[in-house]
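Structure at a glance
Next come the chains, spelled out residue by residue.
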Amino acid sequence: MAKNGRTTHRRFDPIRYYKYALVIVLFLATLILLARGYAGARANFKPGDTAPENIVASKTIRFENRRETEKRRELIINNFRPVFEVRAHIVKASMSNVRAVFTALEKAEKSEQSLAESYRTFLTDTQIRIGFEAFKNLILYSKASRYEEKTIAILARLYDRGVIARANLADATILKMRNGITLYRNTDKEISTTTVDVDAINFLEDTVRDMRAIVLSQFDFLPSDKIAALAELSSSLLRPTIIYDDVLTERKLTELLEKTKPVMDVYKRGYVIVAKGDVITEEKIALLSALAKDLAYYNLRLIVLDSAFLAIFVILAVLYLTRYVSSILTDVKEFTLLAVEYLVIAISAHLMHYQFVPTLVSREAVSVPMYLIAWVPLFSVMNVLILGKRPAFFMAFIGSFLAVAVTYGTVFDLFILLCASVAAILITENLTKRNEILTGGLAVGLILAAGCVIDGLRNEVTLAVTAAEAVIAVIIGIAQGIIAAGLLSGLEHMLGTATVFRLLELSDLNAPLLRQLQITAPGTYHHSFTLSSMVEAACERIHANSLLARVGAYYHDIGKMENPVYFIENVTPRENRHRNIKPSLSATIIKSHVRIGVELAKANDLPEKIIDFIKEHHGTSLIKYFYNQALKHGGTIDKDFYQYAGPKPQTRESAVLMIADSVEAASRTIPNPTGEKILELVRAIINDKIRDKELDESGLTLKDLAHIEDTFVNEIMSSLHGRIVYPNAEEIARREEENAPVPRSPSTTVP
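Conventions adopted
Residues numbered from 1 in each chain as written. Predicted model: local features only at pLDDT ≥ 70, side-chain atom pairs only at ≥ 80, totals over all residues. Heavy atoms only, no water. Helix = DSSP H or I, 4+ residues; strand = E, 2+ residues; numbered from the N terminus. Buried < 20%, exposed > 50% of the residue type's maximum accessible area, 1.4 Å probe, protein only. Contact = heavy atoms within 4.5 Å. Areas by Shrake-Rupley, 256 points an atom, 1.4 Å probe, with all protein chains shown as cover. Pairing = 2+ DSSP bridges. Core = buried A, V, L, I, M, F, W, Y, C linked by side-chain atoms within 4.5 Å. Axes fitted to C-alpha atoms, helices over the stretch in contact; angles between N-to-C directions. Phe/Tyr/Trp six-rings, centres within 6.5 Å; stacked < 30°, edge-to-face > 60°. Salt bridge = Lys/Arg side-chain N within 4 Å of Asp/Glu carboxyl O. Expected span 1.5 Å × (residues − 1). pLDDT = per-residue confidence, 0-100. Parallel < 35°, antiparallel > 145°, perpendicular 65-115°, else oblique. Left-handed = near helix turned anticlockwise from the far one by under 90°. Nonpolar A, V, L, I, M, F, W, Y, C, P; charged D, E, K, R; others polar. Polar contact = N/O pair within 3.5 Å; in protein donor to acceptor, adjacent residues only side chain to side chain.

1. Examining the overall build of the chain
- Scanning the chain for helices and strands turns up 32 helices and 10 strands.
- The burial tally for the chain puts 41% of its 751 residues in the buried class.
- Excluding contacts between residues fewer than 6 apart, the proportion of contacts in the chain whose partners are at least 24 apart in sequence is 77%.
- Total accessible area on the chain stands at roughly 42,800 Å², and carbon and sulfur atoms take up 57% of it.

Rendered as structure tokens:
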């Protein structure tokens, strides 16, 4: 594509091509599983067949013993040490940076700026991060303590061993390092390789963690404040000098494997490969194939017809997902989950129908209907809880048709399988306890049992066989419920999904993070609790996920626990620390609660959907107060600096939280609040969000916004309702005295 005389290339998207490849794999796998009807009638042995006669080698051949060859290759792979390259130029650059840092310190020492301003200038000039106390120490004692020489000595000692950043390595690479590593040096003088044992590997993260002890071991005569300053500076300057070379590693391993000779067995002419009456194994079949090269023919017409049918099937499936469940196509984990389920349903149904059931069950004693061995309801239960109703229905229909196709089942089989899957979805959709999944499993079992009974009556099967099939069906249904409950927790964590069970667990106010928030930042906790009521009511009104919104509101501000006193809800006006710092620093602190919240959420394994609330509840909105303060100070002001990093709300629930957050905070500033004032406030905030395009990606409609406005006005009015003034004890006593009856004069008794 040419534009203005230049050729532009479309950016390569690996995720996109991964999905295409996955669809092709599913397509081909389905064709292979349907291939039972394609193969011709030439004689082919299957594992487990009995040899009708002696099968003798017609010629001498050398045949690879794949099992032994694979063992040899696995031994090489397990003992192989990954290759890391020593980057000498990083060491030189790091040492040069030491001089630059101390030059900046000398400049700061001579500067007429305040110490705080010098510190900020120093951080900007050097691009390193050290604390203010360490900076002061370095300024005051740099020359006297010869910090530069000591820093160079510390880094030189560490660089002599080499430093590896664990964060730059994949888990698979770290696992490969269990036997040590190979260091590759390519200098002007020589090219060399050395091996390093695993215990001698020096990781950057461990070194930074232990830096104080490292400094102390070299300079134990220094006081603790100087040790701390040196450790902090050295940690900031330290860089990884040993980098994993995946290309060289792969090349070296490939070279070793290519040099590995396969283990070959020799079979001379006349050798009896399989004796008459012996069971033919897979290894014998491979050997016979090498001898005979017997290829079965295939019915090309059926292959073409099935390929056309599958192509239409795929197109319709993609159109449905695009129209109704587009999130599945964009989320690679969820897309992969459905693909894996597809393969498991197809392969397990095929294997059970053609391999295990004929081997384990005597067809004369009891038959096993196809719908008992295609465990589509199992995935229906998991899908409705993890992905939602529409993906669950989609996979129930796809899986049922697929299982019936690969086993050449009947329409009745399809009907029963669909009934069981749909029932599983409808029953488990609104569950609130994990153990209630077994109820769905029992329902599936009863439907399958009913199918067995109807099938038995239709085919005039004996009562004993029908009863046996029904009992098996109930057991299979309950087993599917148990397996679904067992797999659910692992899939929740793997996909980062917020199921109703996980959300209910997180909504417990005794959850560790919420308890910590209540203790560390009580004002923020109260604010979050108030917001949860608002967003839950609004989401119920617009038919959004109210439980997800409520839990998201609980956790959206957990990042404020890091610096709670810098947020107004946690302090009194007299304690406002922002008065003593610049607006830019205040804005940095305020913005940081989003980043810190995300880090805390990930550390505590919160679901991705809850983390999205933390990321999105401010969108890219402007921190207006401190931006205005910065404008008052004058000078060149970067407006972008005073905006949150985003992203903007991507769901209706997080957009509701954004609006509620602003409304709840602003409502506290209304003097003598009335319904009209609150309505004006809520409407103004919503209009601001629309004008700033913060809600453009959320999916909220104007009708939704009208419902949200009405709900928030009612919620705020309820929270600000008036109270009667109760009289005190003195007033009650005075009123009692005023209302006391006047004592009567004594009456005269008539004799």
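So, next bit.
2. So, the pairing of strand β6 (residues 181-186)
- Across 3 bridges, strand β5 (residues 83-86) lies against β6 in parallel orientation. Paired with F84 across the two strands is L183, which belongs to β6.
- The pairing of β6 with strand β7 (residues 191-196) spans 6 bridges and is antiparallel. In the strand pairing of β7, N186 is matched with I191.

3. Describing unusual backbone geometry
- Residue P647 is bonded to the preceding G646 through a cis peptide linkage, with omega at 5°.
- Mapped onto the fold, P647 is located in the loop between α28 (624-633) and α29 (652-667).
- Phi at H543 takes a positive value of approximately 60°, unusual for a residue other than glycine.
- Secondary-structure assignment places H543 in the loop between α24 (522-541) and α25 (546-555).
- Of note in the backbone geometry, D605 takes a positive phi value of approximately 60° without being a glycine.

4. Quick word on the nonpolar core
- Core analysis: the largest hydrophobic core is formed by 63 residues, its most contacted members being Y371, L372, I437 and L448.
- With residues near it in sequence (within four places) discarded, Y371 still touches F412, D413, I416, L417, L448, G451, C452 and D455.
- Residues V551, A601, I611 and I708 belong to the second largest nonpolar core, which totals 53 residues.

5. Here we look at the sheet that holds β7
- The sheet built from 4 strands is open, its strands ordered β7-β6-β5-β8 with mixed pairing. Among the strands making up the open sheet, the edge pair consists of β7 and β8 (242-244). Strand-to-strand twist in this sheet, taken as the mean axis angle between neighbours without regard to direction, amounts to 30°.
- Against the sheet, helix α11 (residues 246-259) touches β5, β6 and β8, its axis set at about 135° to β5.

6. Some words on the packing of aromatic side chains
- Within the structure shown, the criterion is met by 14 aromatic pairs.
- On the basis of an interplanar angle of 15° and a centroid distance of 6.3 Å, the ring pair of F529 and Y554 is categorised as stacked. Of this pair, F529 sits in helix α24 while Y554 is found in helix α25, placing the two residues 25 residues apart along the sequence.
- Assessed through its relative accessible area of 40%, F529 is described here as partly exposed.
- Seen in terms of ring centroids, F641 and Y642 are 5.3 Å apart; in terms of plane orientation they differ by 80°. Their pairing is edge-to-face.
- Cluster of aromatic residues (ring-pair linked, three or more members): Y119, F132 and F135.

7. Focus on the side chain of S118
- Following the sequence through the fold, S118 ends up in helix α4 (residues 115-126).
- By relative accessible area, which is 3% here, S118 ends up buried.
- Ignoring any residue separated from it by four or fewer positions in sequence, one finds S118 in contact with A108, S111, Q113 and F135.

8. Observations regarding the pairing of β5
- Pairing analysis gives 3 bridges linking β5 to β8, with the strands arranged antiparallel. For E85, the partnering residue across the bridge sits in β8 and is I243.

9. Digging into the pattern of salt bridges
- Summed over all chains, the structure comprises 20 salt bridges.
- Here D210 makes a salt bridge to R209, at a shortest N to O gap of 3.1 Å.
- Residue R209 is classed as exposed on the basis of its relative accessible area, which comes to 59%.
- For D455, the salt bridge identified is with R458, shortest N-O distance 3.3 Å. Here D455 and its partner R458 are both found in helix α20 (residues 437-458), 3 residues apart, which amounts to about one turn of the helix.
- Take D455: its relative accessible area is 15%, and that puts it in the buried class.
- Residue class for R458 comes out exposed when judged on its relative accessible area of 52%.

10. Let's talk about helix α18 (residues 389-406)
- End to end, α18 covers 26 Å across 18 residues, agreeing with the expected 26 Å (1.5 Å per residue, within 8%).
- One or two positions beyond α18, positive phi appears at Y408, with a value near 55°.

11. So, the confidence of the model for the chain
- Looking at the chain as a whole, the pLDDT averages 81, with 87% of positions reaching at least 70.
- No element of the chain has a lower mean pLDDT than strand β1 (residues 2-3), which averages 46, and none a higher one than α25, which averages 92.
- Here residues 747-751 scores under 50 on pLDDT; set against residues more than four positions off or in separate chains, the count is 0 contacts.

12. Points about the packing of helix α9 (residues 211-218) against helix α10 (residues 224-237)
- Close contact between α9 and α10 brings their axes to 9 Å; oriented N to C, the two are set at 120°. Considering the angle they form, α9 stands oblique to α10. Considering only the axes of α9 and α10, their crossing is right-handed. Within the contact between the two elements, α9 uses M211, R212, V215 and L216 and α10 uses S224, I227, A228, L230, A231, S234 and S235.
- Residue composition of the contact of α9 with α10, grouped by class: 7 nonpolar, 3 polar and 1 charged.

13. What to know about the environment of Y119
- Assignment of secondary structure puts Y119 in helix α4.
- Taking relative accessible area as the criterion, Y119 reaches 15% and is therefore assigned buried.
- Each C-alpha atom of the pair Y119 and F132 lies 7.0 Å from the other, and the pair is 13 residues apart in sequence.
- Excluding anything up to four places from it in sequence, Y119 contacts I130, G131, F132 and F135.
- Separated by 2.5 Å, the side chain of Y119 and the backbone oxygen of I130 make a polar contact.

14. Considering the environment of G456
- Turning to its location among the elements, G456 is positioned in helix α20.
- For the pair G456 and A470, spaced 14 residues apart in sequence, the C-alpha to C-alpha distance is 9.7 Å.
- Excluding residues within four positions of it along the chain, G456 makes contact with V461 and T466.

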